[in-house]
Amino acid sequence: MRVLIVGCGYVGLELGRQWVARGAFVAGVRRSSAGAGELTTAGLATVTGDVTRREEVLAWPGDWDVVVNAVSSSRGGAEVYRQIYRDGTRHLLEWMAGASVGRYVQLSSTSVYGQTDGGWVDEDSATEPNSETSRLLVEMEEVLRRAHSGNGTSTVILRVAGIYGPGRGHQLQQLLRGEARIQGDGSRWVNMVHRDDVASAVRTVAEAPLTSVAGRVFNVVDDEPVPQGEFVTWLAHEYGKPVPPVASEEENAARKRGLTHKRVSNRRLRTETGWIPTFGTFREGYRLLSGGAGGSPVLLDLHP
Ligand SMILES: NC(=O)c1ccc[n+]([C@@H]2O[C@H](COP(=O)([O-])OP(=O)(O)OC[C@H]3O[C@@H](n4cnc5c(N)ncnc54)[C@H](OP(=O)(O)O)[C@@H]3O)[C@@H](O)[C@H]2O)c1
C-alpha cells in the first residue's frame, strides 16, 4: 500500500506511524525540509511542498493508493483557511486528476455544524455555521463532493471533533495554570476524540471497500459528549487541582460569539465501517495520560 499524507503534523505523523507499523510505504508532505527529520524517525519518506502553491503541488510524484489531507490552518484566520482549504484543495484536485490516486481522504471539522440547541447532530444535519472559517470548510466539502461526482476522484470526508492526546491542547493547560473556568452554566456540550482514534478512523475509511465509503461523510468523535462544566470538574479531580471557578460575565460575553452547543454522533462511522475508538470517552483517554503511561500530560483543543 502506498500512502501520501499531506500535512504531517500532530495527526498526520501518528497516522504515518500506524501505517508504517503495518507495512505500508508512507510519504509525508512538509512545507520545509526542517521537518524531514521527524518524518524519517517515524519511518516516512518526505515530499516537500506547500498546498497553497499550485506549481509545487503539480510537481509531486503520483501513483498512490491513498492520499490523506490533514493540513491545518495552524490557528490562522479566514484568509489562511481560504488559502489552505479552498485554493489548496483545488490544487490537490488538479494534481490528482493526472496522478493515479486510488482514493482521497479529507479531514474536515465538526465545526461545520453550527447548531446551538444542544441536540444531536449527524452527517445529514444542516451545515450552516456562523463563523466564516467554518463556512469555508463547508465550501471545501462542496468542492470535493462536486469533484467526486464530476471527474471520478473518490473522496471521503471526515468531520473531526476536538482532538486531544499527548502534549496537545488548551483546557488542561489552563487548568494546570489555574486559569480554567466553568463557562456559562457549564452545560455547553464538548465533543472530542483522541488523536490515535482519528488516525485509526482515517485508516479504516482508507482500507474499507471503496463502494462503502466513496463520496461519503463521516463524523469522527468519541462515544460521549460531555457538558463543559462536568468535563473541567472531572479533569480537576483527576489531576488533583481545585475545581475551577465559574467564569465572570465579561469572560462569558467575550467567549460567546460563534459558540455552538450540540452533541455529535459517531453512529455512522461505527456501524457502517466497523471503526471502534480505543478511547470511548475522555475518561479513558485522560486517565491513561494522567497516570503517566502516555508520557507528557494530555492537553485539549476545544475549538470545534
Ligand atoms: N486540532 C483539532 O482539534 C482539530 C479539530 C477538527 C479538525 N482538525 C483537522 O484535523 C487535521 C489535522 O490536525 P492537526 O492537529 O494534526 O494539525 P497540525 O498539528 O497543525 O498539523 C498540520 C500540518 O499541516 C501542515 N501545513 C500547514 N499549512 C500547510 C501548507 N500550506 N502546505 C502544506 N502543509 C501545510 C503543517 O506542515 P509543516 O509542519 O510543514 O508546517 C503541519 O504539519 C487538520 O485538517 C485539522 O483542520 C483538527
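Not measured: the values here are computed from a predicted model.

Definitions and limits used
- Residues numbered from 1 in each chain as written.
- Predicted model: local features only at pLDDT ≥ 70, side-chain atom pairs only at ≥ 80, totals over all residues.
- Heavy atoms only, no water.
- Helix = DSSP H or I, 4+ residues; strand = E, 2+ residues; numbered from the N terminus.
- Rg over C-alpha atoms; globule rule 2.2 N^0.38 Å.
- Buried < 20%, exposed > 50% of the residue type's maximum accessible area, 1.4 Å probe, protein only.
- Contact = heavy atoms within 4.5 Å.
- Areas by Shrake-Rupley, 256 points an atom, 1.4 Å probe, with all protein chains shown as cover.
- Lys, Arg positive; Asp, Glu negative; His and termini not counted.
- Charge placed at Lys NZ, Arg CZ, Asp CG, Glu CD.
- Phe/Tyr/Trp six-rings, centres within 6.5 Å; stacked < 30°, edge-to-face > 60°.
- Lys NZ or Arg CZ within 6 Å of the ring centre and 35° of its normal.
- Near = heavy atom within 4 Å.
- Polar contact = N/O pair within 3.5 Å; in protein donor to acceptor, adjacent residues only side chain to side chain.
- Nonpolar A, V, L, I, M, F, W, Y, C, P; charged D, E, K, R; others polar.
- Salt bridge = Lys/Arg side-chain N within 4 Å of Asp/Glu carboxyl O.
- Pairing = 2+ DSSP bridges.
- Right-handed = clockwise from strand over helix to strand, strands pointing away.

**Student:** For this particular structure, what's the right way to read the overall build of the protein?
**Tutor:** Along its length, the protein carries 12 helices and 14 strands. For a compact globule of 304 residues, the expected C-alpha radius of gyration is about 19 Å, and the protein comes in at 19 Å, within 12% of that figure. The principal-axis extents of the C-alpha atoms in the protein amount to approximately 55 × 40 × 35 Å. Relative to its 304 residues, the protein shows a buried fraction of 53%. The contacts of the protein with a sequence gap of at least 6 include a subset with a gap of at least 24, amounting to 78%. Counting every atom, the protein has about 13000 Å² of accessible surface; 48% of that belongs to carbon and sulfur. Averaging the coordinates of the 34 positive side-chain charges in the protein and doing the same for the 35 negative ones gives two points 1 Å apart.

**Student:** How should I be thinking about the packing of aromatic side chains in this particular structure?
**Tutor:** Pairs of aromatic rings are described using the distance from one ring centre to the other and the angle between the two planes. What the rule picks out here adds up to 8 aromatic pairs. Each ring, one from Tyr164 and one from Tyr286, has its centre 4.7 Å from the other, and the planes form 15 degrees; the classification is stacked. In this pair, Tyr164 is assigned in strand E8 (residues 162-166) and Tyr286 in helix H12 (residues 282-290), connecting sequence segments 122 residues apart. Members of the aromatic cluster, each reached through a chain of ring pairs, are Tyr164, Phe231, Trp234, Phe282 and Tyr286. Geometry around Trp64 places Arg2 over its ring, the cationic atom sitting 4.5 Å from the centre.

**Student:** What is the right way to read the side chain of Thr89 from this model?
**Tutor:** Within the secondary structure layout, Thr89 lies in helix H4 (residues 78-96). Ignoring sequence-local partners within four residues, the contact set of Thr89 consists of Asn69, Ile84, Tyr104, Gln106, Met140 and Leu144.

**Student:** Any chance you could explain the site of the ligand here in plain terms?
**Tutor:** Surveying the vicinity of the ligand reveals 27 residues, the closest of which are Val11, Arg31, Asp50, Val71 and Ser72. Between an oxygen atom of the ligand and a main-chain N or O atom of Tyr10, the distance comes to 2.9 Å. Between an oxygen atom of the ligand and a side-chain N or O atom of Ser72, the distance comes to 2.7 Å. The protein chains hide 88% of the 900 Å² of surface that the ligand would expose on its own. Where the shell around the ligand is concerned, the elements lending two or more residues are helix H1 (10-21), H4, strand E5 (101-109) and E8. Sorting elements by how many residues they give to the shell around the ligand places E5 first, with 3 residues. A per-class count over the shell around the ligand returns 13 nonpolar, 9 polar and 5 charged.

**Student:** Looking at this structure, I do not really get the environment of Val264. What am I missing?
**Tutor:** On the secondary structure map, Val264 appears in strand E13 (residues 263-264). Residue class for Val264 comes out buried when judged on its relative accessible area of 1%. The spatial distance from the C-alpha of Val264 to the C-alpha of Gly35 is 34 Å, given a sequence separation of 229 residues. Those residues in contact with Val264 that sit more than four places away from it in its chain are Thr110, Tyr113, Trp120, Val121, Asn191, Asn219, Val221 and Pro225.

**Student:** Would you explain the pattern of salt bridges in this entry?
**Tutor:** Pairs can form between side chains of opposite charge whenever their charged atoms are close. Across all of its chains, the model carries 21 salt bridges by this definition. Here Glu38 ties to Arg30 by a salt bridge, and the two come within 3.3 Å at their closest N and O atoms. On the basis of relative accessibility, which here comes to 42%, the residue Glu38 falls in the partly exposed class. Between Glu56 and Arg53 there is a salt bridge whose closest N-O contact spans 3.5 Å. On the basis of relative accessibility, which here comes to 29%, the residue Glu56 falls in the partly exposed class.

**Student:** Even after reading the chapter, I still don't get the environment of Asp124, so can you show me in this structure?
**Tutor:** Relative to the assigned elements, Asp124 resides in the loop between strand E6 (120-121) and helix H5 (132-151). For Asp124, a relative accessible area of 64% gives the class exposed. It is 9.0 Å that separates the C-alpha atoms of Asp124 and Val217, two residues lying 93 residues apart in sequence. Of note is the side chain of Asp124, whose polar atom sits 3.3 Å from the side chain of Arg268.

**Student:** Explain the pairing of strand E2 (residues 25-30) here, please?
**Tutor:** Put simply, side chains in a regular strand alternate between the two faces of the sheet. Relative to E2, strand E1 (residues 2-6) runs parallel, the two being bridged by 5 bridges. If you follow Leu4 over to E2, its bridge partner there is Ala27. The parallel pair E1 and E2 is bridged by H1, and the resulting crossover is right-handed. Sheet topology note: the E2/strand E3 (residues 45-48) ladder contains 4 bridges and is parallel. Paired with Val29 across the strands is Val47, a residue of E3. In this region the chain leaves E2, passes through helix H2 (residues 36-41) and returns to the parallel neighbour E3; the handedness of that crossover is right-handed.

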